[in-house]
Structure formats: structure tokens, C-alpha cells
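# Residue-level structure breakdown
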Amino acid sequence: MRKTALILLLAAAFVFSSCIGTATEIMIRRDGSGTIAMEYRIFREFESLGKLDGNERWPPLPVGKADFERTAARVDGLSLRSFTTKTTEKDVIYQIKLDFAGLEALVYFLDASGQRASLGREGEKNRLTLSFNSFSDTDPELLVLVSPVLEGYSLDFSLTLPVNAELRILDENGGVLGTPPAGSAAVQGTVVSFSSPMAELFTSTRSVNLEILW
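Because the structure is predicted, anything quoted here is derived from the model rather than measured.

## With respect to the pairing of strand S2 (residues 34-43)
Of all 10 residues in S2, 7 are buried, a share of seventy percent or more. Pairing geometry for strand S1 (residues 21-28) and S2, over 8 bridges, is antiparallel. Opposite Glu25, over in S2, you have Ala37 as the bridge partner. Where S2 meets strand S4 (residues 91-100), 10 bridges bridge the pair, whose relative direction is antiparallel. Residue pairing across strands places Phe43 opposite Asp91, the latter belonging to S4.

## Concerning the side chain of Thr71
Its place among the elements puts Thr71 in helix H3 (residues 65-74). Ignoring any residue separated from it by four or fewer positions in sequence, one finds Thr71 in contact with Leu78 and Phe109.

## Digging into the environment of Glu69
If you trace the backbone, Glu69 turns up in helix H3. The spatial distance from the C-alpha of Glu69 to the C-alpha of Phe83 is 9.6 Å, given a sequence separation of 14 residues.

## Comments concerning the packing of aromatic side chains
Scanning the model with the defined rule gives 5 aromatic pairs in all. Judged by centre distance (6.3 Å) and plane angle (45°), the ring pair of Phe68 and Phe83 falls under tilted. With Phe68 in helix H3 and Phe83 in strand S3 (residues 78-87), this pair connects stretches of sequence that are 15 residues apart. Taken individually, Phe68 and Phe83 each receive the classification buried, so the pair is uniform in this respect. Pairing Phe83 with Tyr94 gives two aromatic rings, centres 6.1 Å apart and planes at 50°, and the pair type is tilted. You can see Phe83 sitting in strand S3 and its partner Tyr94 sitting in strand S4, a full 11 residues away along the chain. The same class applies to Phe83 as to Tyr94, namely buried. Put simply, the rings of Tyr40, Phe68, Phe83 and Tyr94 touch in pairs and so form one group of aromatic residues. The side chain of Lys90 reaches across the aromatic face of Tyr153, ending 4.7 Å from its centre.

## So, the sheet that holds strand S9 (residues 176-177)
Spatially, S5-S6-S12-S8-S9 is the arrangement adopted by the 5 strands of the open sheet, whose pairing is antiparallel. Edge positions in the sheet fall to strand S5 (117-122) and S9, since each of these pairs with one other strand and no more. Two elements, strand S8 (residues 166-170) and strand S12 (residues 208-213), share 5 bridges in a ladder whose sense is antiparallel. Directly across from Leu167, in S12, lies its bridge partner Ile212. Lying on the sheet, helix H4 (residues 103-110) is in contact with S5 and strand S6 (125-132); it crosses S5 at an angle near 145°.

## Some points on the sheet that holds S1
The strand order across the open sheet formed by 7 strands is S3-S4-S2-S1-S7-S11-S10, and the pairing between neighbours is mixed. Each of the sheet's edge strands pairs with one partner strand only, and the pair in question is S3 and strand S10 (184-188). Across this sheet, the average inter-strand angle for adjacent strands is 10°, counted without regard to direction. H4 contacts S1, S2, S3 and S4 of the sheet and is inclined by roughly 170° relative to S1.

Calculation rules
Residues numbered from 1 in each chain as written. Predicted model: local features only at pLDDT ≥ 70, side-chain atom pairs only at ≥ 80, totals over all residues. Heavy atoms only, no water. Buried < 20%, exposed > 50% of the residue type's maximum accessible area, 1.4 Å probe, protein only. Helix = DSSP H or I, 4+ residues; strand = E, 2+ residues; numbered from the N terminus. Pairing = 2+ DSSP bridges. Contact = heavy atoms within 4.5 Å. Phe/Tyr/Trp six-rings, centres within 6.5 Å; stacked < 30°, edge-to-face > 60°. Lys NZ or Arg CZ within 6 Å of the ring centre and 35° of its normal. Axes fitted to C-alpha atoms, helices over the stretch in contact; angles between N-to-C directions.

Structure representation (C-alpha cells):
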């Protein structure tokens, strides 16, 4: 029972916090089109843990090529350029590249619900709001089990824009914070970045909310 709960918790973490370890690089052109390059790292022990009899060829989390093909077919303006996978001594690594025709396709891919990614306008500027969730309200015993497993894994995110960007770190009420509750965020010219150890983000008492303007 505990093993099943652990699988479900980690699966939820993948969907809502891009767990287990991930690097995402997004590039947006002046016309709103662009590319997404992602790399997911899942430790091999977890992949084995998530397998059931008769399902060995399917990964336990939604990172398979068929998942991304279905997503690209479902989102207008999104296409899958490439998908590769390789196995190391420690991890199974998935590398994905996608193209999007406009900002709406990008935001829908990041979060179809609009709760963790949303697009708006502020004056003459585009405003992209992103939320990287914590799981601090999860059963503390499960967090104790998960946290050591996440050591050495991180969430790395970067967004390259066609013009210089502005970055705000927000609290739950829209107030501006000096630093994020977990990890670190920065803006350098046209590039916005956020990085956090996965264990730190996973157990943070607050979500990380970024507001990016360009």
C-alpha cells in the first residue's frame, strides 16, 4: 500500500512540479512562435517500481513518445520534432523537442488548466505567469520517503525572449517577493531562468510564482 502511494505521489510530482529531474529550455521568437527542448531524468529504481505485469514496455510516468504525440495532436499549433531516450547506470533519460506556432499553444502545453501557466497583457507587454508547485501539504511520512530519493535531481528552467525581459517573483496574493521560496531565479537581458533542487522545491512551504514580461 505504501509502495502504491509513493508511486502516485511521484507521478503527481511529475505532472505538477516536473519531477523527477528536468531541464526545460524555451525560445520565443518575435512572432510568438518558438521551440521547447526538455530533458527528463527518472531514476531507474523508480521506473522498475512503477512497472506492473504486462506493462513493462510503458514508463510509469507520462513521458513516453506516444504521450507527447497525443499532446501535440491535441494542441493546435504544437508539433513534436524529436523524441529520444537512453539509459545510464542511474537514470532513464528522455529528451524531447517541440515546436509551437504561437504563445497560446505554448501556454496550453505548459498547463491546459490555466492554474500553473497563464498568458496576459500588461500595457504593451506580454505577461507570462508560471507556478512551480510544492507538495508541503502531502503526508509527512511520504515526504520523508521521497526526499532522499530526490537528492541530486533538480528542476532547471530557462526562457529566451526576442527582447529584454522583466521578472517578478510573486507570493500567493500577487505581492512581489525579493527571492523565491525555493531555488533561485534571475533575468539577464533576454533570458529568464529558474533553478531549484527538486527536494527543496518538493518540500517548500510555498509555491514559486514567476511573472515574466516582455
